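# Close look at the chain arrangement
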Amino acid sequence: MANILLIGNGAREHALAEAIIRSSHKPGLFAYMKANNPGIAQCAEKVKLGGYGDLRQITDFARESRSDFAIVGPEDPLNNGVVDALKSAGIPAVGPGKLLARLETSKFFTRNLLEKYGIPGNPRFRNFTSAAGMEAYLDELDAVVIKPDGLTGGKGVLVQGEHFETPREALTHCRDILTGHPSVIIEEKLDGEEFSLQCLSDGKTVVATPPVQDHKRRFPGDSGPNTGGMGSYSCETHLLPFLNEQDVKTGLEITQRVADAIYRETGEHYRGIMYGGFMVTKSGVKLIEYNARFGDPEAMNILPILETDFVDICKAILEGTLSQGKIKFADKATVCKYIVPKGYGLPAGHPDAAAASSKIEIGAIGNARLYYSSVDKRDDGIHMTSSRAIGVVGIAATLAEAEKIAERAAGAISGQVDHRPDIGTRELIEKRINHMKAIRDNTGDGR
Ligand code: AMP
Ligand code: GLY
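Attention in this report is confined to the structure presented alongside it. All figures in this text were calculated on a predicted structure; none of them were measured in a lab.

Further remarks concern the overall build of the protein chain. The number of helices and strands found in the protein chain is 14 helices and 25 strands. At 21 Å, the protein chain has a C-alpha radius of gyration in line with the 22 Å of a compact globule built from 447 residues. Looking at the protein chain residue by residue over its 447 residues, the buried ones come to 56%. Relative to all contacts within the protein chain whose residues are 6 or more apart in sequence, the contacts with residues 24 or more apart total 68%. Surface accessibility of the protein chain: about 18300 Å² in total, with carbon and sulfur atoms responsible for 48%. Within the protein chain, the 58 negative side-chain charges are centred at a point lying 2 Å from the centre of the 53 positive side-chain charges.

The interhelical angle for the contact between helix α7 (residues 107–116) and helix α10 (residues 245–266), taken along N-to-C directions, is 95°, at an axis separation of 10 Å. In terms of orientation, α7 and α10 fall into the roughly perpendicular class. Residues Leu113, Leu114 and Lys116 of α7 lie in contact with α10, whose contacting residues are Val258, Ala261, Ile262 and Glu265. Of the residues belonging to the contact of α7 with α10, the class tally is five nonpolar, no polar and two charged.

Here the focus is unusual backbone geometry. Note the cis peptide between aspartate 296 and proline 297, where omega equals 25°. For proline 297, the location among the structural elements is in the loop between β17 (284–291) and α11 (299–302). Even without being a glycine, lysine 26 presents a positive backbone phi close to 50°. Tracing the backbone shows lysine 26 in the loop between α1 (11–21) and β2 (28–33). Of note in this structure, arginine 66 is not a glycine but carries a positive phi near 50°. The topology assignment puts arginine 66 in the loop between α3 (55–64) and β4 (69–72).

With that settled, consider the site of ligand 2. Looking at ligand 2, the residues that line it are Asp214, Gly228, Tyr275, Asn291, Arg293, Gly295, Asp296, Pro297 and Glu298. A distance of 2.8 Å is found between a nitrogen atom of ligand 2 and a side-chain nitrogen or oxygen belonging to aspartate 214. Calculation on ligand 2 without its partners gives an accessible area of 200 Å², and the protein chains cover 89% of this total. Broken down by class, the residue content of the shell around ligand 2 amounts to two nonpolar, three polar and four charged.

Per the counting criterion, the structure on display carries six aromatic pairs. Considering the side-chain rings of phenylalanine 30 and phenylalanine 61, the 6.3 Å spacing of their centres and the 70° angle between planes classify their relative orientation as edge-to-face. Highlighted residues: phenylalanine 30 in strand β2 and phenylalanine 61 in helix α3, separated in sequence by 31 residues. Per residue, the accessibility class of phenylalanine 30 equals that of phenylalanine 61, and both read buried. Where phenylalanine 128 meets tyrosine 137, the ring centres are 5.9 Å apart and the plane angle is 55°; that geometry is what we call tilted. According to the relative accessible area criterion, phenylalanine 128 is buried, its value standing at 2%. Feature note: the residues Phe30, Tyr32, Tyr52 and Phe61 constitute an aromatic cluster, connected by ring pairs. We note arginine 126 situated over the ring of tyrosine 137; from NZ or CZ to the ring centre the distance is 5.4 Å.

Here the structure, examined in full by the defined rule, presents 27 salt bridges. Note that glutamate 193 is salt-bridged to arginine 432, the shortest N-O span being 3.3 Å. Remark: arginine 432 occurs in helix α14 (residues 426–443) and glutamate 193 occurs in strand β10 (residues 193–201); sequence separation between them is 239 residues. Grouping residues by exposure puts glutamate 193 and arginine 432 together as buried. For lysine 437, the salt bridge goes to aspartate 441, with nearest N and O atoms at 2.9 Å. Here lysine 437 and its partner aspartate 441 are both found in helix α14, four residues apart, which amounts to about one turn of the helix. Residue class for lysine 437 comes out partly exposed when judged on its relative accessible area of 48%. A relative accessible area of 44% means that aspartate 441 is categorised as partly exposed. One network of salt bridges, in which partners are shared, links Glu193, Asp222, Arg420, Asp422 and Arg432.

Here we take up the sheet that holds β17. For sheets, the rule is that strands pair by backbone hydrogen bonds, running either parallel or antiparallel. Strands sit in the order β11-β10-β16-β17 across an open sheet of four strands; the sheet is antiparallel. In the strand order of this sheet, the two ends are held by β11 (206–208) and β17, each with one partner. Each neighbouring strand pair of the sheet contributes to a mean axis angle of 35°, computed without reference to strand direction.

About the criteria used
- Residues numbered from 1 in each chain as written.
- Chains lettered and ligands numbered in written order.
- Predicted model: local features only at pLDDT ≥ 70, side-chain atom pairs only at ≥ 80, totals over all residues.
- Heavy atoms only, no water.
- Helix = DSSP H or I, 4+ residues; strand = E, 2+ residues; numbered from the N terminus.
- Rg over C-alpha atoms; globule rule 2.2 N^0.38 Å.
- Buried < 20%, exposed > 50% of the residue type's maximum accessible area, 1.4 Å probe, protein only.
- Contact = heavy atoms within 4.5 Å.
- Areas by Shrake-Rupley, 256 points an atom, 1.4 Å probe, with all protein chains shown as cover.
- Lys, Arg positive; Asp, Glu negative; His and termini not counted.
- Charge placed at Lys NZ, Arg CZ, Asp CG, Glu CD.
- Axes fitted to C-alpha atoms, helices over the stretch in contact; angles between N-to-C directions.
- Parallel < 35°, antiparallel > 145°, perpendicular 65-115°, else oblique.
- Nonpolar A, V, L, I, M, F, W, Y, C, P; charged D, E, K, R; others polar.
- Near = heavy atom within 4 Å.
- Polar contact = N/O pair within 3.5 Å; in protein donor to acceptor, adjacent residues only side chain to side chain.
- Phe/Tyr/Trp six-rings, centres within 6.5 Å; stacked < 30°, edge-to-face > 60°.
- Lys NZ or Arg CZ within 6 Å of the ring centre and 35° of its normal.
- Salt bridge = Lys/Arg side-chain N within 4 Å of Asp/Glu carboxyl O.
- Pairing = 2+ DSSP bridges.

See the structure below:
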């Protein structure tokens, strides 16, 4: 029996906790959380609450709990160097050290890595540390996306036509960004459909899990502001309705080459999750960004259908033996819908902007899975905080059935809540298929 330390307090980590305690090794789970998650607490032998910057407290807890290894859920502790601190204390961790976590924390590091090693997937881009030359570059590109360097909680990216219109406005935004960030990337705006490919890496071998599509926009029909993700789906085919096998293969090949490049660049093996956000465009599969962790909500699509023992996978990541076994997932479709406070994601001052806290009732959710995120369990029941509250997941033979299970469960949660009823529905998916078809038809390759 092993003891395992899990760091993180969201629904992604609740799904990780469940995958860990399902293991045939019967591990003891120890959870370090910024705020208490009642779902994780229920899975854990012991819980410790504390900040993700308190590396001393985290390593002390890892030692006290005699953890054999740790797994890090969110990006903040990775960015704070928790994996390096644990390593110094003799405790290996699934997740990159601070230097390698730049794959997520520095968009410039990653774009530059692809360019330096001749790895395909970059759009046209340039990094600016000052305003010099920006105006001319903005004139060169038709439409642009602006990305601050550094972590922004998935909300710092500005897209032309959505967040601003003219090159003049782009210039103003870039100047503003430079007052708070070391640099800003201006890149070509791509058109296509996005997919998340969460890959496992031991630094030598990279293995893909089934592709998932997330929905970042707050409201149905992909309208409203960007959020951390309102829900996601995956298919029983382990493809997506608008993706072919070659698209997934390309995403995996890019990720394998990036893992190789990271090793050549730093001399360190990347042991952890490499989650590529890709877009299929008229000129092939392009990289939008990498995350150095599982996706939230996307972890909730793949971990519940994982058939291989998750603890064995973690050990293979740490021991460099991923190439030796096959990782299996059930041939099931999944739909995840996030239950959020009505005001979630709305700008401050908006009449519906998040109330500080409100109580919710969880009714009969049928055979859906339920993963807690930002909730507070009090004597009188479950209260939401201001962020995403609960992920409900339907798992079934087909997408249509999985959607029904998730939707019914979402409807059983009442209070000042909201969710996106369109995620996983036929109507929305057809929109995606038609969008992709129009793009592929334009290329004339007929795929
Ligand atoms: P990121 O934080 O890098 O995931 O970006 C947030 C969102 O912005 C992505 O999910 C995309 O929808 C969009 N985005 C980022 N980069 C581009 C790009 N080069 N072209 C079009 N959309 C983009
Ligand atoms: N689903 C987006 C993310 O985890 O960053």
